[in-house]
Amino acid sequence: QVQLVESGGGLVQAGGSLRLSCAASGRTFSSYAMAWFRQAPGKGREFVARISGTGATTYYADSVKGRFTISRDNAKNTVYLQMNSLKPEDTAVYYCAAGPSMLAPSDYWGQGTQVTVSS
C-alpha cells in the first residue's frame, strides 16, 4: 500500500511558476513509476507527466512539454512537478499517482491539489 500526499498548489498569474510536491509513504518508493494527472472543471482526468523508478526516463503530454518538468528524490520519497510559463488552461486539480511501471496504469492516487492560473 502506498499513500500519496500532494502539496504546493495555489493561485498564480499567467506566465508564472509553481512547484508541486508529492510525498509517498512506504519503503519501496523507488520501485514505482510516478505520474501527475490533472482534472479541469467539467473535464475528464488528463495525463500530464510520468517518471520511472530510477528517474532516468520521463514522458510528457504534448500540452505541457517544454514547460513542465517531473523529477523525483527517492531518498525523500518525493516526486515533483515544476511548472513554468503557466497558462489559464493549466487550471485544474493536480493528482499524483503511483504504478508498477511506465506502461501500467496507476494503482495509487493522492487527494489532489488545486492549481489556478489567472489571466
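The structure reproduced in this document is the subject of the present report. Everything quoted here is computed from the prediction, not taken from an experiment. (Residues numbered from 1 in each chain as written. Predicted model: local features only at pLDDT ≥ 70, side-chain atom pairs only at ≥ 80, totals over all residues. Heavy atoms only, no water.)

The next point concerns the state of the cysteines. Throughout the structure, instances matching the rule amount to one disulfide. The disulfide partner of Cys22 is Cys96, and the S-S distance across this bridge is 2.1 Å. Residues Cys22 and Cys96 share a disulfide whose torsion about the S-S bond is about -80 degrees; that sign makes it left-handed. Taken together, the residues span a long stretch of sequence, with Cys22 in strand β3 (residues 18-24) and Cys96 in strand β9 (residues 92-99) at a distance of 74 residues. The pair Cys22 / Cys96 is uniform in exposure class, with both members buried. (Disulfide = S-S within 2.5 Å. Helix = DSSP H or I, 4+ residues; strand = E, 2+ residues; numbered from the N terminus. Buried < 20%, exposed > 50% of the residue type's maximum accessible area, 1.4 Å probe, protein only.)

This brings us to the packing of aromatic side chains. All told, the structure shown has four aromatic pairs when counted by the stated rule. Consider the rings of Tyr32 and Tyr108, whose centres lie 6.1 Å apart with planes at 80 degrees: the pair is edge-to-face. With a gap of 76 residues between them, Tyr32 in the loop between β3 and β4 (33-39) and Tyr108 in strand β10 (residues 108-109) connect regions that are remote in the sequence. Since its relative accessible area comes to 15%, Tyr32 is described here as buried. Ring centres of Phe37 and Trp109 lie 4.9 Å apart, and the angle between their planes is 55 degrees; on these two criteria the pair is classed as tilted. Here Trp109 lies in strand β10 and Phe37 lies in strand β4, a separation of 72 residues in the sequence. In this structure Trp109 comes out as partly exposed when scored by relative accessible area, which is 34%. Taking NZ or CZ as reference, Arg45 lies 4.2 Å from the ring centre of Tyr95, over its face. Across from the ring centre of Phe29, 4.4 Å away, lies the NZ or CZ of Arg72, which sits over that ring. (Phe/Tyr/Trp six-rings, centres within 6.5 Å; stacked < 30°, edge-to-face > 60°. Lys NZ or Arg CZ within 6 Å of the ring centre and 35° of its normal.)

Moving on, we come to the pairing of strand β7 (residues 68-73). Residues Phe68, Ile70 and Arg72 line the buried face of β7, whereas the alternating positions Thr69, Ser71 and Asp73 sit on a face that is not buried. Pairing geometry for β7 and strand β8 (residues 78-83), over six bridges, is antiparallel. Residue pairing for β8: Arg72 is matched across the bridge by Val79. In this structure, the hairpin formed by β7 and β8 is closed by a connection of four residues, where Asn77 is found at a positive phi of approximately 55 degrees. (Pairing = 2+ DSSP bridges.)

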